[in-house]
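What the coordinates show
Single-letter residue listing:
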Amino acid sequence: MKMGTRLNLIFCICVSIVAFLDFGMASKIGICYGRNADNLPSPNRVSELVQHLNIKFVRIYDANIDVLKAFANTGIELMIGVPNADLLAFAQFQSNVDTWLSNNILPYYPATKITSISVGLEVTEAPDNATGLVLPAMRNIHTALKKSGLDKKIKISSSHSLAILSRSFPPSSASFSKKHSAFLKPMLEFLVENESPFMIDLYPYYAYRDSTEKVPLEYALFESSSQVVDPATGLLYSNMFDAQLDAIYFALTAMNFKTVKVMVTESGWPSKGSPKETAATPDNALAYNTNLIRHVIGDPGTPAKPGEEIDVYLFSLFNENRKPGIESERNWGMFYANGTNVYALDFTGENTTPVSPTNSTTGTSPSPSSSPISGNSTVIIGGGGGGGGSKKWCIASSQASVTELQTALDWACGPGNVDCSAVQPDQPCFEPDTVLSHASYAFNTYYQQSGASRIDCSFNGASVEVDKDPSYGNCLYMIAPATDGFNRTMTGNITGNITAIDSPLASPSSTNEAFRQMVISVAVSVWLPCFIVCLSIW
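Residues numbered from 1 in each chain as written. Predicted model: local features only at pLDDT ≥ 70, side-chain atom pairs only at ≥ 80, totals over all residues. Heavy atoms only, no water.

Where an unreviewed UniProt entry is consulted, the protein chain appears under the name glucan endo-1,3-beta-D-glucosidase, with the organism given as Arabidopsis thaliana x Arabidopsis arenosa. Of the protein chain, the UniProt comment under Sequence similarities (unreviewed entry) reads exactly: "Belongs to the glycosyl hydrolase 17 family." (UniProt positions renumbered as here; feature names shortened; annotations may be inferred.)

Laid out in structure tokens, this is it:
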């Protein structure tokens, strides 16, 4: 074989492996944290809840300093927003944006992991029609980020409503409204130039609500046993979400922007609505969000783009009691303001138990607890460390340094809401008076109160799970009631104003994570020798 042929063959193998590695990357699931309410938990409490849920991606709608502080050092990726009311100031003067960046972003970055900025919210549907301000604002933000060396680390885009299309069905015939073309084309060019995604909010609920005689409920909820065919392409659609997403893909292709990545920045289903909104029920909200998570995690892509990563942000974390409009507008949350769940959503996407939708508001309709979660409460626990009824405790690791243990101890007895009075002088767990001993007591108390899940015994590597009771003398270590199975309930004294939940909002799921790790392992084991061979031949 000739030298050139060898090199070409090796190059093709390497490229194929890299492509395979990219294909193995999983889609992302995030959640929207709207705050248009006067009864929500503090941002610190919300951050704790999000961490318990193991959510890695959160969208907020401004750059509130308290929220940014609350998510510092959590590893959670934040999409922040520029409200429509600020677009004029951002578009008019670069100095306004520079000041905003200096005051609201730079003091908290990178401790707070801001990864994207959504400029404006569904501006084409806003009553003041601020479309002409979006791109100038985006450019000014990009300039400000570039001055700070962050233009490659923080993506800039703008989220849109599906109403930006003049036609959405069949998907292959979809097109953007001509009245927005002057706004869209230069904005899309900006996205391509900066490798930013096109952001879209997709709501099959509205398509069903406004056309109940044409759209079956099951089709909107991912529950359809039949398929809808696109006559032009022959593509088959078993759910409305895929049809809407493909409509965006085809509309972008029609404008010669086929390579732009699409991100779904909102999608969900309300749990309650006005009398005419008969499909706004907890059962239907549970069905939609469960099936959406399963689809994104387990079967990514659409008929037009099978296998394509779909990054989706679920709307929303909380019900928001100050949102204007009809009843459903205030009931998109998965949690009530006091932290109790509106419906028991399996965030992992791995539970295959069928969910039962309903088209009547007379079905199950849970209501929030009359008081915050601060006493004996029932909380949903998922994926605990023991499993099968085995007992586990969490203690300080003897391998951790005193500094690491003290830092974790301070957190547990402070923001972690652990009652550490037992390790004070003259109390049963004070002796031995060592950081290791005191940290063990505090770590275990936090661990048990949070549901005895492995994730709650991390403390940045300063702790370990054990199956031997560490209690001694009169110092008794807490133990949660024995349970078994993946989903279970626990009655206990949970302090604070949020429900302690550790069922992960997997991104990716454990199955996909295992697959991704396998892909990386294979790619490295083959690509590295390949690279070495290339060097030796060269």
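Don't stop here, the text continues.
**Comments concerning the nonpolar core**
Within the largest apolar cluster, 110 residues are counted, with the highest numbers of intra-cluster contacts made by V58, I80, W100, F198 and F241. Looking at this core element by element, the count peaks at 9 residues for helix 10 (residues 240-254). If we skip the residues at most four places from it in the chain, F198 touches S157, H160, F176, L184, M187, L188, L191, I248, V260, K261, V262 and M263. (Core = buried A, V, L, I, M, F, W, Y, C linked by side-chain atoms within 4.5 Å. Buried < 20%, exposed > 50% of the residue type's maximum accessible area, 1.4 Å probe, protein only. Helix = DSSP H or I, 4+ residues; strand = E, 2+ residues; numbered from the N terminus. Contact = heavy atoms within 4.5 Å.)

**What about the packing of aromatic side chains?**
Per the stated rule, a full pass over the model turns up 21 aromatic pairs. For the pair Y206 and W332, a centre-to-centre distance of 5.8 Å together with 55° between the ring planes defines the contact as tilted. Residue Y206 is found in helix 8 (residues 204-210), and its partner W332 is found in the loop between strand 12 (311-314) and strand 13 (376-382); the two are separated by 126 residues along the sequence. Classification of Y206 as partly exposed rests on a relative accessible area of 24%. Ring pairing ties together the aromatic residues Y203, Y205, Y206, F222, F241, W269, Y288, F315 and W332, which thus form one cluster. Taking the ring centre of Y249 as reference, the NZ or CZ of K305 above it sits at 4.6 Å. (Phe/Tyr/Trp six-rings, centres within 6.5 Å; stacked < 30°, edge-to-face > 60°. Lys NZ or Arg CZ within 6 Å of the ring centre and 35° of its normal.)

**Some thoughts on the packing of helix 5 (residues 94-105) against helix 6 (residues 131-147)**
Packing of helix 5 against helix 6 leaves a shortest axis separation of 9 Å and a crossing angle of 50°. When the interaxial angle is binned, helix 5 and helix 6 end up oblique. Crossing hand, helix 5 versus helix 6: right-handed. Contact residues: Q94, V97, D98 and L101 in helix 5; N140, I141, T143, A144, L145 and K147 in helix 6. A breakdown of the residues in the contact of helix 5 with helix 6 according to their chemical character gives 5 nonpolar, 3 polar and 2 charged. (Axes fitted to C-alpha atoms, helices over the stretch in contact; angles between N-to-C directions. Parallel < 35°, antiparallel > 145°, perpendicular 65-115°, else oblique. Left-handed = near helix turned anticlockwise from the far one by under 90°. Nonpolar A, V, L, I, M, F, W, Y, C, P; charged D, E, K, R; others polar.)

**Here's the deal with the state of the cysteines**
According to the stated counting rule, one finds 3 disulfides in the structure shown. At a sulfur-sulfur separation of 1.9 Å, the disulfide partner of C413 is C420. Because the torsion about its S-S bond is -90°, the bridge between C413 and C420 counts as left-handed. Linked covalently through their sulfurs, C429 and C475 form a disulfide whose S-S length is 1.9 Å. One disulfide, between C429 and C475, carries an S-S torsion of 105° and so falls in the right-handed class. In this pair, C429 is assigned in the loop between helix 12 (402-413) and helix 13 (435-449) and C475 in the loop between strand 15 (463-466) and strand 16 (487-493), connecting sequence segments 46 residues apart. Per residue, the accessibility class of C429 equals that of C475, and both read buried. (Disulfide = S-S within 2.5 Å.)

**Some details on the packing of helix 12 against helix 13**
Running from N to C, helix 12 and helix 13 point in directions that differ by 40°, and their axes come no closer than 9 Å. By the angle between their directions, the pair helix 12 and helix 13 is classed as oblique. Relative to helix 13, helix 12 is oriented so that their crossing is left-handed. Contacts between helix 12 and helix 13 pair V402, L405, Q406, A408, L409, W411, A412 and C413 from the former with V435, L436, H438, A439, A442, F443 and Y446 from the latter. Class assignment of the residues belonging to the contact of helix 12 with helix 13 gives a composition of 13 nonpolar, 2 polar and no charged.

**Describing helix 7 (residues 181-193)**
It helps to recall that an α-helix has 3.6 residues per turn; residues three or four apart then point in one direction. The terminal C-alpha atoms of helix 7 lie 18 Å apart, and with 13 residues this matches the ideal 18 Å at 1.5 Å per residue to within 8%. Where helix 7 is buried, its residues meet helix 6, strand 5 (155-161), strand 7 (175-176), strand 8 (198-201) and helix 10. Note on helix 7: the residue one or two positions beyond its end, E195, has a positive phi of about 55°. (Expected span 1.5 Å × (residues − 1).)

**Description of the environment of K468**
By secondary structure assignment, the location of K468 is in the loop between strand 15 and strand 16. On the basis of relative accessibility, which here comes to 66%, the residue K468 falls in the exposed class. Between the C-alpha atoms of K468 and K392, which are 76 residues apart in sequence, the distance is 7.4 Å.

**A look at the environment of G75**
Looking at the element boundaries, G75 is found in the loop between helix 3 (65-70) and strand 3 (77-82). Here G75 falls in the partly exposed class, since its relative accessible area comes to 43%. Put simply, G75 and K113 are 38 residues apart on the chain and 6.4 Å apart in space, counted from C-alpha to C-alpha. If near-sequence neighbours (up to four positions away) are discounted, G75 is found in contact with K56 and K113.

**Some points on the sheet that holds strand 8**
The strand order 1-2-3-4-5-8-11-12 describes a closed barrel built from 8 strands, whose pairing is parallel. Strand after strand, the sheet turns through a mean of 25° between neighbouring axes, direction not considered. Running over the sheet, helix 6 touches strand 3, strand 4 (113-121) and strand 5 and is turned about 160° from strand 5. Here helix 7 sits on the sheet and contacts strand 5 and strand 8; the angle it forms with strand 5, its principal contact strand, is near 145°. (Pairing = 2+ DSSP bridges.)

**Overview of the layout of surface pockets**
Counted as a void, the second largest pocket has a volume near 900 Å³. For the lining of the second largest pocket, the secondary structure elements donating two or more residues are helix 2 (43-52), helix 3 and helix 12. It is helix 2 that provides the largest number of residues to the lining of the second largest pocket, a total of 6 residues. Of the residues that constitute the lining of the second largest pocket, the class distribution is 12 nonpolar, 10 polar and 5 charged. (1 Å grid on protein atoms, 1.4 Å probe; cavity = no way out; pocket = protein on both sides within 12 Å on 5 of 7 lines; lining within 4 Å. Points joined across faces, edges and corners; volume = space filled by probe spheres on them.)

**Things to note about the pairing of strand 3**
Counting buried residues along strand 3, 6 of its 6 residues qualify, which places the element largely inside the surrounding structure. The two faces of strand 3 match: E77, M79 and G81 on one face and L78, I80 and V82 on the other face are all buried. Bridge count for strand 2 (residues 57-59) against strand 3 is 3 bridges, and the pairing is parallel. Its bridge partner lying in strand 3, F57 is registered against E77. Handedness of the crossover joining strand 2 and strand 3 through helix 3: right-handed. Two strands pair when backbone bridges link them, and strand 3 and strand 4 are joined in this way by 6 bridges, in the parallel orientation. What sits directly across from L78, in strand 4, is I114. (Right-handed = clockwise from strand over helix to strand, strands pointing away.)

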